[in-house]
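# Structure at a glance
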Amino acid sequence: MSILSRFFNNPTDPPPAPAADEPKPVPVAAGPDPAALAREDEARLAAALADGTPEALTDCVLHAHSTKARQRAAHAVADPDHLRELIRLVRGGKDNSVYRILTDKRDALLAADRARDARLGAIEVLSASLARRSRLPYDPLYESSLHLFEQEWAVLAPEASPAVSAQVAEHLATMRAVIERHRQEIEAQADRERALAEAAAAAAADARFEHEQGQGTIAEPEPEPSAEIAPPEPQSAAGTPEPRAVSAQPLISLLRQAQAALARGGTARAQRLRVALAAKLAQPVALPGWFDHQLQLLDAKLTELKDWKTFTVEPKRTELVARMQSLVGAEMSPEQLAHHIHRLQEEWRTLNRGAGDEASAEAASFRDAAKRAYEPCKEHFARQSALRQSNRESREAIIVRLQAYAATLDGDAVNWRQVAQTIAEARQEWREFAPVDNAVAPVLQERLRGALGVLQERLDAQYARNVAAKRDLIERAQRLMTLADTRQAIDGAKNLQQQWRQIGLVPRAQSNALWDEFHGHCDAVFQRSAHEHAAAGAALVANQARAQALCDEVERIAALTGEELRVAMRALDERRAEFDGLELPRQAARDLRQRFARATSRCADAVQRERTVAATRATAALFDAAGAIRAFGLARSRSENVESAHAAATAAVAALADAPKAARAVLEKQLTRIATGDAADDLAANESQLRLLCIRAELVADVATPESDMDLRRDYQMRRLLGAKGLGSDAALADLDSLMREWFTVGPVEPSVEAPLRARFERCREGSRAQP
């Protein structure tokens, strides 16, 4: 993510200044001699350009003193890998101009690579299209396709490989040969038609000549065939009329119709009329003399046309059927396929209009091939129609969403960034839902303009307000240079930068220019703070030293014990507050904070250890007092050293000032019972009670029982399991503190017996503390 995106979450807005609570990076102070630095930059750049190595150019781009030298070095980088490495190094820095130069050069190289790949892809597509087209028969689009292929190849040929160039040249030669063969066929067809026309003209001339000669030998010319005068009825030798023959007028009419059909090219109709004439000629008819000659001419013309059909029309029909069958499964676009099918159907209809009856077998083959060839087109055009309808519905939905969205933009709480994004995404989505039917496309486009116009008008008004607000901030930033107090000027610049971030979007064309102007004024203000930042750096160093001293002090406290630890811990909170209030250098802050946290954690561990030791000592004191009381009871039962034993027991109990009150009260009560003689003095019974308490403690702490007492442990567990009478509250396991208080109430035993039992009991307590 770029600096612009990190601050504004929008690549169109300029990058903001650092936050107020972060120290601004100290600009590199100018050297004592700017001219010397400029000469050094020129020498470094010249050496880098002469050397040409990536290392030299990298050094110049990153470390040259002047921006101009860094920019010139960036312009000199041409290797893509070197560009990517430099972009990674300068990303996030202050030199945005160098970063833009490097990214622009990288984008240009990537665009060139994409263009080259696109041209290579176009070469492959052109070669494949040529291969498919060269295998098809001639059609009306053949020559125009060849012309387009030649034009496209002239552009792409320089970048094609020799193998592809050879293939394309072969396909182009094949297409030219197909066109030449078609031209030769057309010329041959024209020659045949011209010969037929000349033969027909000669036959007509001969017929006219014979007709004129025939009229010259007859005294009275017969009426024209078209005249409606009936011929004279034949007379018999006696002068009586012979029986009337069938009228010749219908036959003459049929003959004229057949001749007219032939003149118009209606061979099929002429043939049908000739068949009708033959049927009528089977009857006796008085015909004019010219009728037989005209009938012979009609038959000759029909025979000639039949011969033409045999040698010309039928091969053409066969060719059309073959061409239509070749389109079945042809690898071409559905639009081109449909066009070829339509053209072949037009040729078929034209051929049949002049060639008589349509051959049923060939017509069926032609129609079947056309149907099978059109199947992909049918599916394609159905999908296209459904797609256009779907696109229309999607575009209407876009318009409805835009109108609904515009209706929600009420009040001042408008997310203008979202508005701009909505407009851009709507236009992009609109382009994706194409094509639509031509009849509705203009209407939908006009509705889209209206819906977007409402949003764009409000967005432009907001743009104008934001531009005015940013220009006001630029003027205020410029006035900061006149302030005498540098600290006040810096605070003012930071405040203006904060306000700049809060201003919304501006047009992309003005965004960078406004930011560069504003950023220039702020940088001029920050240049004055170099000394203040140096002082801040010194303060950070001092804070670091103080933080290290605090860490040393807390680590020393963690090593203390006893009363010294308790006294030193009183100041730990103050040290922690002081450490938290220190502003530390970024590079050392993490390590110092971790060190201080570890030291305070060790202090807490030390306090906990002290508490554990104190608790252990207190417990030992309680058991010692209980032992002194038992010694007093043992001395009293034996009447030996009773006074001294009583004094020792009393002193031991009196020393338990800090012991738990419950345990101390039990011991005081036990001491009183022994002193008054109320305590049991059966040593064996008391030993059994202590052993049983050890077993109960071992069960609570899950500690192993010595083998010598395992029978007693199993017996105790069995009694608990069966709920034996006399267990009372012992039916459930008690806690170790309760067991310890019961331990204190047991009467005297021999010291040699008490010592190992006490060790077992205390081991149970230690095991219980060790468990989590």
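Keep in mind the model is a prediction, meaning the values are calculated, not measured.

## Here we look at the overall build of the chain
Helices and strands together make up the secondary structure of the chain, namely 27 helices and zero strands. By the burial criterion, 33% of the 772 residues in the chain qualify as buried. Nonlocal contacts in the chain, meaning residues at least 24 apart in sequence, comprise 72% of its contacts between residues at least 6 apart. Total accessible area on the chain stands at roughly 44700 Å², and carbon and sulfur atoms take up 55% of it.

## Digging into a nonpolar patch on the surface
Taken together, the side chains of Met-718, Leu-721 and Leu-722 present a nonpolar region at the surface, about 360 Å² in accessible area. Mapping Leu-722 onto the fold places it in helix H25 (residues 710-722).

## A word on helix H16 (residues 486-502)
Counted at 1.5 Å a residue, the expected span for H16 with its 17 residues is 24 Å, and the 24 Å between its end C-alpha atoms agrees. Along H16, the residues classified as buried are Thr-486, Ala-489, Ile-490, Gly-492, Ala-493, Lys-494, Leu-496, Gln-497, Trp-500 and Arg-501.

## What to know about the packing of helix H5 (residues 80-90) against helix H6 (residues 96-134)
Interhelical geometry of H5 versus H6 gives an angle of 150° and a closest axis separation of 10 Å. Between H5 and H6 the crossing geometry is left-handed. Packed against H5, whose contacting residues are Pro-80, Leu-83, Leu-86, Ile-87 and Val-90, the element H6 presents Tyr-99, Leu-102, Thr-103, Lys-105, Arg-106 and Leu-109 at the interface. Tallied by class, residues from the contact of H5 with H6 come to eight nonpolar, one polar and two charged.

## Observations regarding the confidence of the model for the chain
This prediction gives the chain a mean pLDDT of 78; 83% of its residues lie at or above 70. The least confident element of the chain, judged by mean pLDDT, is helix H1 (residues 3-8) at 34; the most confident is helix H15 (residues 441-479) at 88. Within the model, pLDDT remains below 50 along residues 216-245, and this stretch shows 20 contacts once partners closer than five positions in the same chain are excluded.

## Notes on empty space enclosed by the protein
Counting across every chain of the model gives one cavity of 30 Å³ or more. For the largest cavity, the calculated volume is near 70 Å³. Contributing to the lining of the largest cavity are Leu-136, Pro-137, Tyr-138, Asp-139, Arg-323, Leu-327, His-340, Arg-343 and Leu-344. Here the lining of the largest cavity gets three residues from one element, more than from any other, and that element is helix H12 (residues 334-355). Considering only residue class, the lining of the largest cavity consists of five nonpolar, one polar and three charged.

## Digging into the packing of helix H24 (residues 683-701) against H25
The interhelical angle for the contact between H24 and H25, taken along N-to-C directions, is 70°, at an axis separation of 10 Å. What the angle tells us is that H24 and H25 run roughly perpendicular. Here H24 contributes Arg-691, Leu-692, Ile-695, Arg-696, Glu-698 and Leu-699 to the contact with H25, which in turn contributes Leu-712, Arg-713, Tyr-716, Gln-717 and Arg-719.

## Points about the side chain of Asn-391
Checked against the element boundaries, Asn-391 lands in helix H13 (residues 360-408). Separated by 2.9 Å, the side chain of Asn-391 and the backbone oxygen of Pro-435 make a polar contact. The contact partners of Asn-391, leaving out residues within four places of it in the chain, are Phe-433, Ala-434, Pro-435 and Val-436.

## Quick word on the pattern of salt bridges
A complete count under the given rule lists 39 salt bridges for this structure. The closest approach of N and O atoms between Glu-396 and Arg-392, which form a salt bridge, is 3.3 Å. You can see Glu-396 and its partner Arg-392 sitting in helix H13, four residues apart, about one turn around the helix. Here Arg-392 falls in the partly exposed class, since its relative accessible area comes to 28%.

## Some details on the nonpolar core
Side chains of nonpolar character tend, in soluble globular proteins, to be buried together. Counting 36 residues, the largest nonpolar core has Leu-622, Ile-629, Leu-667, Leu-690, Trp-743, Phe-744 and Phe-761 as its most contacted members. When residues of this core are traced back to their parent elements, those giving at least two are helix H21 (586-638), helix H22 (642-654), helix H23 (661-676), H24, helix H26 (736-745) and helix H27 (751-770). With eight residues, H21 is the largest single contributor of residues to this core. Counting residues in hydrophobic clusters, the runner-up holds 22 residues, among them Ile-398, Ile-399, Leu-409 and Trp-430.

## Some points on the packing of aromatic side chains
Tallied over the full model, the rule gives eleven aromatic pairs. Considering the side-chain rings of Phe-623 and Phe-744, the 5.6 Å spacing of their centres and the 75° angle between planes classify their relative orientation as edge-to-face. Taken together, the residues span a long stretch of sequence, with Phe-623 in helix H21 and Phe-744 in helix H26 at a distance of 121 residues. Note on Phe-623: relative accessible area 1%, which makes it buried. When its relative accessible area of 2% is taken as the criterion, Phe-744 is described as buried.

## Topic: the environment of Met-710
Within the element layout of this structure, Met-710 appears in helix H25. Looking at Met-710, the relative accessible area reads 19%, which means it is buried.

## Some remarks on the side chain of Arg-575
Position of Arg-575 among the secondary structure elements: in helix H20 (residues 572-580). A polar contact of 2.7 Å, which involves the side chain of Arg-575, links it to the side chain of Glu-553. Excluding its chain neighbours within four sequence positions, the residues that come into contact with Arg-575 are Leu-550, Glu-553, Val-554 and Phe-596.

## Let's talk about the environment of Leu-622
Take Leu-622: it is sitting in helix H21. Each C-alpha atom, one on Leu-622 and one on Arg-664, is 7.8 Å from the other, the two residues being 42 residues apart in sequence. Not counting chain neighbours up to four residues away, the residues in contact with Leu-622 comprise Leu-656, Ala-659, Pro-660, Ala-663, Leu-667, Met-740 and Phe-744.

## Quick word on the environment of Ala-73
Mapped onto the secondary structure, Ala-73 falls in helix H4 (residues 67-76). Sequence separation of Ala-73 and Leu-49 is 24 residues, and the distance between their C-alpha atoms is 7.9 Å. In contact with Ala-73, other than residues within four places in its own chain, are Leu-45, Leu-57, Cys-60 and Val-61.

## What about unusual backbone geometry?
Of note, the bond from Ala-434 into Pro-435 is cis; its omega dihedral lies within 30 degrees of zero at 5°. Locating Pro-435 in the fold gives a position in the loop between helix H14 (416-432) and H15. In this model, Asn-641 sits at a positive phi of 50°, which is unusual for a non-glycine residue. By secondary structure assignment, the location of Asn-641 is in the loop between H21 and H22. The class for Asn-641 is exposed, based on a relative accessible area of 62%. Unlike most non-glycine residues, Asp-702 shows phi in positive territory, near 55°. Residue placement: Asp-702 occurs in the loop between H24 and H25. Using a relative accessible area of 63% as the deciding quantity, one classes Asp-702 as exposed.

The rules behind the values
All residue numbers refer to positions counted from 1 along the written sequence of the respective chain. It should be noted that, the model being predicted, local features are given only for residues of pLDDT at least 70 and side-chain atom pairs only at 80 or more, the latter also being counted only at that level, while totals for whole chains, interfaces and linings use all residues. With hydrogens and water set aside, each side-chain value is computed from the structure's full complement of heavy atoms. Helix and strand assignments follow DSSP, with helices taken as H or I runs no shorter than four residues and strands as E runs no shorter than two, numbered in order from the N terminus. Per-residue accessibility, obtained with a 1.4 Å probe over protein chains only, is compared with the maximum for each type, and a residue is labelled buried under 20%, exposed over 50%, and partly exposed between these values. Whether two residues are in contact is decided by their heavy atoms: any pair within 4.5 Å suffices. Areas reported here follow the Shrake-Rupley algorithm with a probe of radius 1.4 Å; residue values treat only the protein chains shown as occluding. Every patch collects residues that have over 30% relative accessible area and no salt bridge, joining them within 9 Å if they carry like charges and within 5 Å if they are nonpolar side chains (Val, Leu, Ile, Met, Phe, Trp, Tyr). When a carboxyl oxygen of Asp or Glu is within 4 Å of a side-chain nitrogen of Lys or Arg, the pair counts as a salt bridge. How far a helix is expected to stretch is found by multiplying one less than its residue total by 1.5 Å. Angles run from 0 to 180 degrees between N-to-C directions of axes, and those axes are lines fitted to C-alpha atoms, restricted for helices to the stretch in contact. By convention, the crossing between two helices is left-handed when the near helix turns anticlockwise from the far helix through less than a right angle, and right-handed when the turn is clockwise. Residues are grouped as follows: Ala, Val, Leu, Ile, Met, Phe, Trp, Tyr, Cys and Pro are nonpolar; Asp, Glu, Lys and Arg are charged; all remaining types, including Gly, are polar. Residue-level confidence of the predictor, termed pLDDT, takes values from 0 up to 100. Two kinds of site are reported from a 1 Å grid over the protein atoms alone, namely cavities, where a 1.4 Å probe fits but cannot get out, and pockets, open sets with protein on both sides within 12 Å along at least five of seven lines, and residues are called lining when an atom falls within 4 Å of a point. Grid points are joined across faces, edges and corners, and a volume is the space filled by probe spheres set on the points. Angles are sorted into four bins: roughly parallel if under 35 degrees, roughly antiparallel if over 145, roughly perpendicular if 65 to 115, and oblique for all others. Side-chain atoms alone can form a polar contact between residues adjacent in sequence; in general such a contact is a pair of N or O atoms within 3.5 Å, and within protein one must be able to donate a hydrogen while the other accepts it. What we call a nonpolar core is a set of buried Ala, Val, Leu, Ile, Met, Phe, Trp, Tyr and Cys residues that are connected through their side-chain atoms within 4.5 Å. Ring pairs shown here join Phe, Tyr and Trp side chains whose ring centres sit within 6.5 Å, with only the six-membered ring taken for Trp; geometry is labelled stacked below 30 degrees between planes, edge-to-face above 60, and tilted in between.

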